[in-house]
Amino acid sequence: MLKAHALIFFGPPGAGKGTQAHALSVAFGIPHISTGEMLREAVRLETPLGLAAKDRMESGELVSDEIVSGIAAERLARPDCEDGFILDGFPRTIGQADFLERLLREQGRGDPLVIYIRVASCVLMKRLSGRRTCPICGTIYNIYFEPPRVDEVCDIDGAALTVRADDGEAAIRQRLDSYEMMTRPLLDYYKVRQQLVEVEGDRAPAEVASDISELVSREMASTA
Ligand code: AMP
(Lines give C-alpha, C1' and ligand atoms only; values in the text may rest on other atoms or scores of the structure.)
Protein backbone atom coordinates (compact mmCIF):
# COMPACT_ATOMS: atom_id res chain seq x y z
CA MET A 1 0.00 0.00 0.00
CA LEU A 2 2.93 2.33 0.56
CA LYS A 3 4.30 1.72 -2.87
CA ALA A 4 2.00 3.90 -4.94
CA HIS A 5 2.96 6.92 -2.89
CA ALA A 6 5.08 9.99 -3.24
CA LEU A 7 6.91 10.87 -0.03
CA ILE A 8 8.55 14.24 0.45
CA PHE A 9 11.15 15.00 3.11
CA PHE A 10 10.84 18.60 4.12
CA GLY A 11 12.81 20.81 6.51
CA PRO A 12 15.63 23.33 6.72
CA PRO A 13 19.16 22.57 5.51
CA GLY A 14 20.75 20.41 8.20
CA ALA A 15 17.49 18.88 9.45
CA GLY A 16 18.66 15.41 8.45
CA LYS A 17 16.51 14.97 5.34
CA GLY A 18 19.24 13.12 3.42
CA THR A 19 20.03 10.73 6.27
CA GLN A 20 16.37 9.96 6.94
CA ALA A 21 15.41 9.67 3.27
CA HIS A 22 18.25 7.21 2.75
CA ALA A 23 17.15 5.08 5.73
CA LEU A 24 13.52 5.01 4.60
CA SER A 25 14.54 4.22 1.03
CA VAL A 26 16.45 1.15 2.25
CA ALA A 27 13.61 0.10 4.59
CA PHE A 28 10.82 0.42 2.00
CA GLY A 29 12.74 -0.38 -1.19
CA ILE A 30 11.81 2.76 -3.11
CA PRO A 31 14.27 5.26 -4.62
CA HIS A 32 15.68 8.23 -2.73
CA ILE A 33 15.71 11.23 -5.06
CA SER A 34 17.80 14.20 -3.95
CA THR A 35 17.79 17.17 -6.33
CA GLY A 36 20.85 18.52 -4.49
CA GLU A 37 22.72 15.27 -5.15
CA MET A 38 21.70 15.25 -8.83
CA LEU A 39 22.87 18.84 -9.21
CA ARG A 40 26.18 18.11 -7.45
CA GLU A 41 26.72 15.20 -9.85
CA ALA A 42 26.02 17.52 -12.82
CA VAL A 43 28.54 20.02 -11.41
CA ARG A 44 31.15 17.24 -10.99
CA LEU A 45 30.59 16.07 -14.57
CA GLU A 46 30.60 19.67 -15.84
CA THR A 47 27.41 19.13 -17.88
CA PRO A 48 25.68 22.28 -19.26
CA LEU A 49 23.15 21.98 -16.43
CA GLY A 50 25.93 21.65 -13.86
CA LEU A 51 27.72 24.69 -15.24
CA ALA A 52 24.47 26.70 -15.11
CA ALA A 53 23.82 25.69 -11.48
CA LYS A 54 27.36 25.76 -10.02
CA ASP A 55 27.71 29.38 -8.89
CA ARG A 56 24.30 29.58 -7.27
CA MET A 57 24.82 26.29 -5.45
CA GLU A 58 28.23 27.24 -4.12
CA SER A 59 26.95 30.55 -2.79
CA GLY A 60 24.01 28.78 -1.14
CA GLU A 61 21.29 30.26 -3.37
CA LEU A 62 18.49 28.27 -4.92
CA VAL A 63 18.83 27.13 -8.51
CA SER A 64 15.98 28.26 -10.81
CA ASP A 65 12.63 26.48 -10.65
CA GLU A 66 12.91 25.75 -14.35
CA ILE A 67 16.17 23.79 -14.03
CA VAL A 68 15.21 21.92 -10.88
CA SER A 69 11.67 21.05 -11.97
CA GLY A 70 13.09 19.78 -15.26
CA ILE A 71 15.53 17.37 -13.61
CA ALA A 72 12.91 16.22 -11.09
CA ALA A 73 10.35 15.49 -13.83
CA GLU A 74 12.90 13.55 -15.84
CA ARG A 75 13.91 11.48 -12.80
CA LEU A 76 10.32 10.73 -11.74
CA ALA A 77 9.51 9.43 -15.21
CA ARG A 78 12.01 6.57 -14.82
CA PRO A 79 10.58 3.06 -14.30
CA ASP A 80 12.04 2.60 -10.79
CA CYS A 81 9.68 5.34 -9.55
CA GLU A 82 6.56 3.50 -10.63
CA ASP A 83 5.91 1.99 -7.20
CA GLY A 84 6.72 5.15 -5.25
CA PHE A 85 9.67 7.37 -4.38
CA ILE A 86 11.12 9.65 -1.73
CA LEU A 87 11.92 13.24 -2.61
CA ASP A 88 14.63 15.01 -0.61
CA GLY A 89 15.11 18.75 -1.19
CA PHE A 90 12.30 19.12 -3.74
CA PRO A 91 10.03 21.07 -3.84
CA ARG A 92 11.66 24.14 -2.28
CA THR A 93 9.43 26.92 -3.65
CA ILE A 94 5.70 27.37 -4.19
CA GLY A 95 6.34 27.28 -7.96
CA GLN A 96 8.03 23.87 -7.63
CA ALA A 97 5.23 22.57 -5.40
CA ASP A 98 2.61 23.61 -7.99
CA PHE A 99 4.68 21.94 -10.68
CA LEU A 100 4.93 18.73 -8.66
CA GLU A 101 1.20 18.73 -7.90
CA ARG A 102 0.46 18.89 -11.63
CA LEU A 103 3.03 16.21 -12.41
CA LEU A 104 1.67 13.78 -9.81
CA ARG A 105 -1.84 14.32 -11.11
CA GLU A 106 -0.68 13.67 -14.70
CA GLN A 107 1.04 10.48 -13.54
CA GLY A 108 -2.19 9.37 -11.85
CA ARG A 109 -0.62 9.25 -8.39
CA GLY A 110 -2.29 10.09 -5.08
CA ASP A 111 -1.45 13.13 -2.96
CA PRO A 112 2.09 13.25 -1.59
CA LEU A 113 2.83 12.74 2.09
CA VAL A 114 5.15 15.47 3.34
CA ILE A 115 7.32 14.61 6.33
CA TYR A 116 8.50 17.78 8.04
CA ILE A 117 11.64 17.25 10.13
CA ARG A 118 11.54 20.03 12.69
CA VAL A 119 14.88 21.25 14.11
CA ALA A 120 15.51 24.47 16.07
CA SER A 121 17.48 26.99 14.01
CA CYS A 122 20.22 27.32 16.67
CA VAL A 123 21.22 23.67 16.07
CA LEU A 124 21.39 23.89 12.29
CA MET A 125 24.63 25.89 11.92
CA LYS A 126 26.65 23.32 13.90
CA ARG A 127 25.03 20.45 12.05
CA LEU A 128 25.95 21.95 8.67
CA SER A 129 29.44 23.19 9.48
CA GLY A 130 30.31 19.85 11.15
CA ARG A 131 29.04 17.74 8.27
CA ARG A 132 31.46 15.39 6.49
CA THR A 133 30.59 12.95 3.71
CA CYS A 134 32.30 9.81 2.47
CA PRO A 135 32.86 10.25 -1.29
CA ILE A 136 32.77 6.46 -1.78
CA CYS A 137 29.76 5.13 0.17
CA GLY A 138 27.90 8.38 0.88
CA THR A 139 27.81 7.92 4.67
CA ILE A 140 27.28 11.23 6.42
CA TYR A 141 29.11 12.09 9.67
CA ASN A 142 29.17 15.12 11.92
CA ILE A 143 32.40 16.02 13.69
CA TYR A 144 30.43 17.38 16.68
CA PHE A 145 27.57 14.88 17.01
CA GLU A 146 28.50 11.70 15.13
CA PRO A 147 32.25 11.71 14.49
CA PRO A 148 33.96 8.87 12.63
CA ARG A 149 36.20 6.61 14.78
CA VAL A 150 39.32 8.15 13.16
CA ASP A 151 39.29 11.90 12.44
CA GLU A 152 38.17 12.74 8.88
CA VAL A 153 38.20 9.06 7.75
CA CYS A 154 35.15 6.93 6.85
CA ASP A 155 34.51 4.05 9.30
CA ILE A 156 33.22 1.83 6.49
CA ASP A 157 35.79 2.09 3.72
CA GLY A 158 38.63 4.22 5.08
CA ALA A 159 38.18 7.00 2.49
CA ALA A 160 39.11 10.58 3.39
CA LEU A 161 35.89 12.44 4.23
CA THR A 162 34.94 15.53 2.21
CA VAL A 163 33.26 18.84 3.08
CA ARG A 164 30.51 20.01 0.74
CA ALA A 165 31.39 23.13 -1.28
CA ASP A 166 28.36 24.92 0.22
CA ASP A 167 29.08 24.01 3.85
CA GLY A 168 31.26 27.11 4.46
CA GLU A 169 29.87 29.71 6.88
CA ALA A 170 28.72 32.34 4.33
CA ALA A 171 27.01 29.76 2.11
CA ILE A 172 25.34 28.16 5.13
CA ARG A 173 23.88 31.54 6.14
CA GLN A 174 22.59 32.07 2.61
CA ARG A 175 21.03 28.59 2.53
CA LEU A 176 19.26 29.21 5.85
CA ASP A 177 18.02 32.60 4.53
CA SER A 178 16.78 31.01 1.30
CA TYR A 179 14.95 28.43 3.37
CA GLU A 180 13.24 31.08 5.49
CA MET A 181 12.21 33.21 2.52
CA MET A 182 11.42 30.73 -0.23
CA THR A 183 10.89 27.31 1.32
CA ARG A 184 9.29 27.74 4.75
CA PRO A 185 6.04 29.04 3.15
CA LEU A 186 5.51 25.51 1.83
CA LEU A 187 4.66 24.42 5.38
CA ASP A 188 1.34 26.27 5.09
CA TYR A 189 0.89 25.11 1.50
CA TYR A 190 0.94 21.47 2.60
CA LYS A 191 -0.82 22.05 5.95
CA VAL A 192 -3.83 23.52 4.16
CA ARG A 193 -3.91 20.47 1.91
CA GLN A 194 -3.63 18.19 4.99
CA GLN A 195 -0.61 16.47 3.49
CA LEU A 196 1.90 17.35 6.22
CA VAL A 197 3.09 15.29 9.18
CA GLU A 198 5.74 16.49 11.64
CA VAL A 199 8.56 14.74 13.42
CA GLU A 200 10.97 16.14 16.01
CA GLY A 201 14.40 16.03 14.36
CA ASP A 202 16.65 17.09 17.24
CA ARG A 203 17.31 13.53 18.42
CA ALA A 204 19.52 10.58 17.53
CA PRO A 205 19.04 9.68 13.82
CA ALA A 206 17.88 6.12 14.69
CA GLU A 207 15.13 7.46 16.96
CA VAL A 208 13.96 9.88 14.28
CA ALA A 209 14.05 7.07 11.69
CA SER A 210 11.95 4.78 13.84
CA ASP A 211 9.28 7.48 14.36
CA ILE A 212 9.22 8.24 10.64
CA SER A 213 8.86 4.62 9.69
CA GLU A 214 5.94 4.18 12.11
CA LEU A 215 4.32 7.40 10.98
CA VAL A 216 4.59 6.57 7.28
CA SER A 217 3.16 3.08 7.81
CA ARG A 218 0.26 4.51 9.83
CA GLU A 219 -0.54 7.26 7.32
CA MET A 220 -0.41 4.84 4.43
CA ALA A 221 -2.67 2.36 6.22
CA SER A 222 -5.24 5.09 6.86
CA THR A 223 -5.29 6.17 3.19
CA ALA A 224 -5.18 2.63 1.74
P1 AMP B 1 20.73 20.09 -0.86
O2 AMP B 1 21.69 18.99 -1.11
O3 AMP B 1 19.30 19.62 -0.93
O4 AMP B 1 21.02 20.86 0.39
O5 AMP B 1 20.89 21.11 -2.09
C6 AMP B 1 22.12 21.75 -2.34
C7 AMP B 1 21.90 22.96 -3.23
O8 AMP B 1 21.35 22.53 -4.49
C9 AMP B 1 20.92 23.98 -2.70
O10 AMP B 1 21.49 24.90 -1.79
C11 AMP B 1 20.49 24.66 -4.01
O12 AMP B 1 21.49 25.52 -4.50
C13 AMP B 1 20.42 23.48 -4.97
N14 AMP B 1 19.08 22.84 -4.93
C15 AMP B 1 18.77 21.57 -4.58
N16 AMP B 1 17.47 21.34 -4.65
C17 AMP B 1 16.91 22.49 -5.08
C18 AMP B 1 15.58 22.90 -5.33
N19 AMP B 1 14.54 22.06 -5.17
N20 AMP B 1 15.37 24.17 -5.77
C21 AMP B 1 16.39 25.04 -5.95
N22 AMP B 1 17.67 24.72 -5.70
C23 AMP B 1 17.94 23.46 -5.26
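Let us look at the structure shown here.

Rules of the game
- Residues numbered from 1 in each chain as written.
- Predicted model: local features only at pLDDT ≥ 70, side-chain atom pairs only at ≥ 80, totals over all residues.
- Heavy atoms only, no water.
- Axes fitted to C-alpha atoms, helices over the stretch in contact; angles between N-to-C directions.
- Helix = DSSP H or I, 4+ residues; strand = E, 2+ residues; numbered from the N terminus.
- Parallel < 35°, antiparallel > 145°, perpendicular 65-115°, else oblique.
- Left-handed = near helix turned anticlockwise from the far one by under 90°.
- Contact = heavy atoms within 4.5 Å.
- Nonpolar A, V, L, I, M, F, W, Y, C, P; charged D, E, K, R; others polar.
- 1 Å grid on protein atoms, 1.4 Å probe; cavity = no way out; pocket = protein on both sides within 12 Å on 5 of 7 lines; lining within 4 Å.
- Points joined across faces, edges and corners; volume = space filled by probe spheres on them.
- Salt bridge = Lys/Arg side-chain N within 4 Å of Asp/Glu carboxyl O.
- Buried < 20%, exposed > 50% of the residue type's maximum accessible area, 1.4 Å probe, protein only.

### Description of the packing of helix α2 (residues 35–45) against helix α3 (residues 48–59)
Geometry of a packed helix pair, given as the angle between the helix axes and the separation of the axes.
Moving on, step 1. Across the interface, α2 lies against α3 with an axial gap of 8 Å and an inter-helix angle of 115°. When the interaxial angle is binned, α2 and α3 end up roughly perpendicular. Seen from above, α2 lies across α3 with left-handed handedness. Mapping the contact onto sequence places G36, L39, R40, A42 and V43 in α2 and L49, G50, A53, K54 and M57 in α3.
Moving on, step 2. Considered class by class, the residues forming the contact of α2 with α3 number six nonpolar, two polar and two charged.

### Section: empty space enclosed by the protein
Moving on, step 1. What the rule picks out here adds up to one cavity of 30 Å³ or more.
Moving on, step 2. A volume near 40 Å³ is recorded for the largest cavity.
Moving on, step 3. Along its surface, the largest cavity is lined by A97, L100, E101, L104, P112, Y189, Y190, R193 and Q195.
Moving on, step 4. Sort the elements by how many residues they give to the lining of the largest cavity and helix α5 (residues 94–106) lands first, with four residues.
Moving on, step 5. Residues of the lining of the largest cavity, tallied by class, amount to six nonpolar, one polar and two charged.

### A look at the pattern of salt bridges
Working definition: two side chains of opposite charge can pair if their charged atoms are close together.
Moving on, step 1. Under the counting rule described, the total for this entry stands at 21 salt bridges.
Moving on, step 2. For E101, the salt bridge identified is with R105, shortest N-O distance 3.9 Å. Residue E101 and its partner R105 are both found in helix α5; the two are separated by four residues, about one turn of the helix.
Moving on, step 3. Under the relative-accessibility criterion, R105 is labelled exposed at 58%.
Moving on, step 4. The partner of D211 in a salt bridge is R203, and the shortest N-O contact between them spans 2.9 Å.
Moving on, step 5. Salt bridges sharing partners connect three or more residues here, namely R131, R164, D166, D167 and R175.

Note that all results are geometric; they support no functional claim without further evidence.
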